[in-house]
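# Examination of the molecular architecture
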Amino acid sequence: MPPIYRKSKLLRRSRVIWGSFNLWRPRLVFWTGALAIGVISVGFAKLADLAQKAFAGVTQSGEWTWLLPLLLTPLGFVLSAYLAATLFPNSQGSGIPQAIAARHLHHDEDRTKLLSLRLAFGKIVLTILGLFSGASIGREGPTVQVGASFMLAVARFGGMAQAKGLILAGSAAGIAAAFNTPLAGIVFAIEEMSRTYESRANGLVLTAVILSGLAALGLSGSYNYFGTADAAPTMLRDWIVMLICGVGGGALGATFSGLALYAGIRIRRWAQPQPLKRMLILAGLCGLVVAAIGVFSGGQTFGTGYEQARGAVEGHALPSLFFVEKLLASFLSMISGIPGGIFAPSLAVGAGFGSTVGTLVGGGVALAAILGMAGYFAGVVQAPMTAFVIILEMTGDHQAVIPIMAVSMIGYVTSRLLSREPLYHGLSRVFIAAAIRARRAMEKESGEEHAAG
């Protein structure tokens, strides 16, 4: 074989191999990123649980240690708010509004200010700090920002350009791995994150959810978030509970979201012209009141509220005013400016509300708690399909499918009548507006420099 022919043949073969590698590289990077989100979500969950246990151990181990929250919680709030404002800007709050806002932005530089590996790291660290301080926050919302940030970062490395679809996929993977609810991750991405069905992104979302779920499954095993329930309506009282949980939970959720949006506007105005100083003062005051509520409730309102909600789902009635105390602690934690989500605390509030309704009406506590979660959660986020699917997957209560669906829809309709703007999308407008202002200021400055030159 002539040397020239042999060389050209080897060159063609190398081009085919290299071309195949370039074709598969984005897919391999995407798959690796989805698996990594599952691993990170499980690690985040374990660290969050350790932080809660450490706080409980420090504040409940002696006769007078119950007073420690009055010092530890405000200081933790101030430190978390300070680090969020100075080292990790745009890490405050849930993280879901940031992911929603990033999907509406058109420049990579603007998205990077809301979703980046630096922010993901800060989000995890500061959420754990908040839980160690007794804040009434959850890790599931932050996992959405972490998942979206990680997926966007690895996609850049892999040369993938579908930013909106990748953010959607990372968010869905985060929810799926955080709750071990793959269907809820998909529904959440469609209903809450995008508010539309995007056929182009459905493959990305499904693949990301499967791979992150497999990673989480391999590390944590198969489980239901709240165990397995088999409560079902058997009496007329149970159907009355269903109606009250739908209307009452929806109204309560609308009140929370409406007040949160209104308070956010007032706080931003009040914080000027010294935003850092005033936000730290606010964080300290919120932390002090959260600590006082926690002490008054015997420590029941500190942390995510997972143990309380699970107890209610298992049929153990919660104190009649627990849902009021937990709602107030969650509201103060949210407006304080510290990173932390409202998913788990909202489920705890809903379970407490349902438990109280079930006790007063005389229905089953377990079913009432599940229905209370559905009604309140649908009222807060105004996403009835997400509420129904996530609660069904977390409890495994297939005997109450129709009641959970009905309560989710009643809660959603009630909330929409009282509060027209969904909470997460209302909060996302703040980040979108800030990005637009920053972009216009930069373009104006660039134009002035060009004119002067």
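Residues numbered from 1 in each chain as written. Predicted model: local features only at pLDDT ≥ 70, side-chain atom pairs only at ≥ 80, totals over all residues. Heavy atoms only, no water.

Each helix and strand in the chain was counted, giving 18 helices and 0 strands. Here the chain holds 453 residues, and the buried ones make up 55% of them. Surface accessibility of the chain: about 19900 Å² in total, with carbon and sulfur atoms responsible for 67%. (Helix = DSSP H or I, 4+ residues; strand = E, 2+ residues; numbered from the N terminus. Buried < 20%, exposed > 50% of the residue type's maximum accessible area, 1.4 Å probe, protein only. Areas by Shrake-Rupley, 256 points an atom, 1.4 Å probe, with all protein chains shown as cover.)

What follows concerns the environment of Gly363. Topologically, Gly363 is positioned in the loop between α14 (343-361) and α15 (365-381). Linking Gly363 and Ile240, residues 123 residues apart in sequence, is a C-alpha distance of 8.7 Å. With residues up to four places along the chain from it excluded, the contact list for Gly363 reads Asp238 and Gly358. (Contact = heavy atoms within 4.5 Å.)

In the segment running from Gln272 into Pro273, the intervening peptide bond is cis, with an omega of 5°. Tracing the backbone shows Pro273 in the loop between α10 (236-271) and α11 (275-296). Of note, the phi angle at Asn90 is positive, near 75°, even though the residue is not glycine. Relative accessible area serves as the criterion here: at 24%, Asn90 is assigned to the partly exposed category. The phi torsion at Gln382 lies on the positive side, around 55°, for a residue other than glycine. For Gln382, the location among the structural elements is in the loop between α15 and α16 (384-395).

Next up on the list: the side chain of Lys123. On the secondary structure map, Lys123 appears in helix α5 (residues 117-132). The side chain of Lys123 sits in the buried core without any salt bridge; Glu140 is the nearest counter-charge, 12 Å away. A distance of 2.7 Å separates a polar atom in the side chain of Lys123 from the backbone oxygen of Gly93. Dropping the residues within four chain positions of it, Lys123 is found in contact with Phe44, Ser91, Gln92, Gly93, Ser94, Gly95, Gln98, Pro142, Gln145, Val146 and Pro339. (Lys, Arg positive; Asp, Glu negative; His and termini not counted. Salt bridge = Lys/Arg side-chain N within 4 Å of Asp/Glu carboxyl O. Polar contact = N/O pair within 3.5 Å; in protein donor to acceptor, adjacent residues only side chain to side chain.)

Let's shift gears to the pattern of salt bridges. Going through the model one piece at a time under the given rule, you end up with 6 salt bridges. A salt bridge links Arg111 to Asp108; the nearest nitrogen and oxygen atoms lie 2.8 Å apart. Taken as a pair, Arg111 and Asp108 lie in helix α4 (residues 108-112) at a separation of 3 residues, close to a single helical turn. The partly exposed category is assigned to Asp108, whose relative accessible area is 42%. A salt bridge links Arg429 to Glu421, with the nearest nitrogen and oxygen atoms 2.4 Å apart. Looking at Glu421, the relative accessible area reads 29%, which means it is partly exposed.

Let us look at the side chain of Thr356. Counting through the fold element by element, Thr356 comes out in helix α14. Using a relative accessible area of 11% as the deciding quantity, one classes Thr356 as buried. Engagement of the side chain of Thr356 in a polar contact is seen with the backbone oxygen of Ser320, the distance being 2.9 Å. Apart from residues no more than four positions distant in its own chain, Thr356 is found in contact with Pro319, Ser320 and Phe323.

What follows covers the confidence of the model for the chain. With 88% of its residues at a pLDDT of 70 or more, the chain has an overall mean of 85. Averaged over each element, pLDDT in the chain is lowest for helix α1 (residues 3-59) (73) and highest for helix α13 (residues 322-335) (96). (pLDDT = per-residue confidence, 0-100.)

All right, on to a positive patch on the surface then. Residues Arg266, Arg268, Arg269 and Arg437 make up a contiguous surface patch of positive charge. Per element, the largest residue contribution to the positive patch is 3 residues, and it comes from α10. Looking at where Arg437 falls in the secondary structure, it is placed in helix α18 (residues 423-452). Given a relative accessible area of 56%, Arg437 falls into the exposed group. (Patch = residues over 30% accessible without salt bridge, like charges linked within 9 Å, V, L, I, M, F, W, Y side chains within 5 Å. Charge placed at Lys NZ, Arg CZ, Asp CG, Glu CD.)

This brings us to the environment of Leu75. Structurally, Leu75 is set in helix α2 (residues 69-86). When the C-alpha atoms of Leu75 and Leu280 are compared, they prove to be 9.9 Å apart, with 205 residues separating the residues in sequence.

Turning to the environment of Phe179, a few remarks are in order. Counting through the fold element by element, Phe179 comes out in helix α7 (residues 163-179). When the C-alpha atoms of Phe179 and Phe226 are compared, they prove to be 9.6 Å apart, with 47 residues separating the residues in sequence.

With that settled, the discussion passes to the packing of α16 against helix α17 (residues 401-418). Running from amino to carboxyl end, α16 crosses α17 at an angle of 145°, the nearest separation of the two axes being 8 Å. Here the hand of the crossing between α16 and α17 comes out right-handed. On α17, the residues that touch Pro384, Ala387, Phe388 and Leu392 of α16 are Val401, Ile404, Met405, Ser408, Met409 and Tyr412. Each residue belonging to the contact of α16 with α17 can be placed in one class, and the counts come to 9 nonpolar, 1 polar and no charged. (Axes fitted to C-alpha atoms, helices over the stretch in contact; angles between N-to-C directions. Left-handed = near helix turned anticlockwise from the far one by under 90°. Nonpolar A, V, L, I, M, F, W, Y, C, P; charged D, E, K, R; others polar.)

Further remarks concern the packing of aromatic side chains. Counting across every chain of the model gives 7 aromatic pairs. Each ring, one from Phe343 and one from Phe377, has its centre 5.0 Å from the other, and the planes form 70°; the classification is edge-to-face. Residue Phe343 is found in helix α14, and its partner Phe377 is found in helix α15; the two are separated by 34 residues along the sequence. Each of the two residues, Phe343 as well as Phe377, counts as buried. Through a chain of ring-to-ring contacts, the aromatic side chains of Phe188, Phe343, Phe377 and Tyr424 assemble into a single cluster. Geometry around Trp270 places Arg278 over its ring, the cationic atom sitting 5.6 Å from the centre. (Phe/Tyr/Trp six-rings, centres within 6.5 Å; stacked < 30°, edge-to-face > 60°. Lys NZ or Arg CZ within 6 Å of the ring centre and 35° of its normal.)

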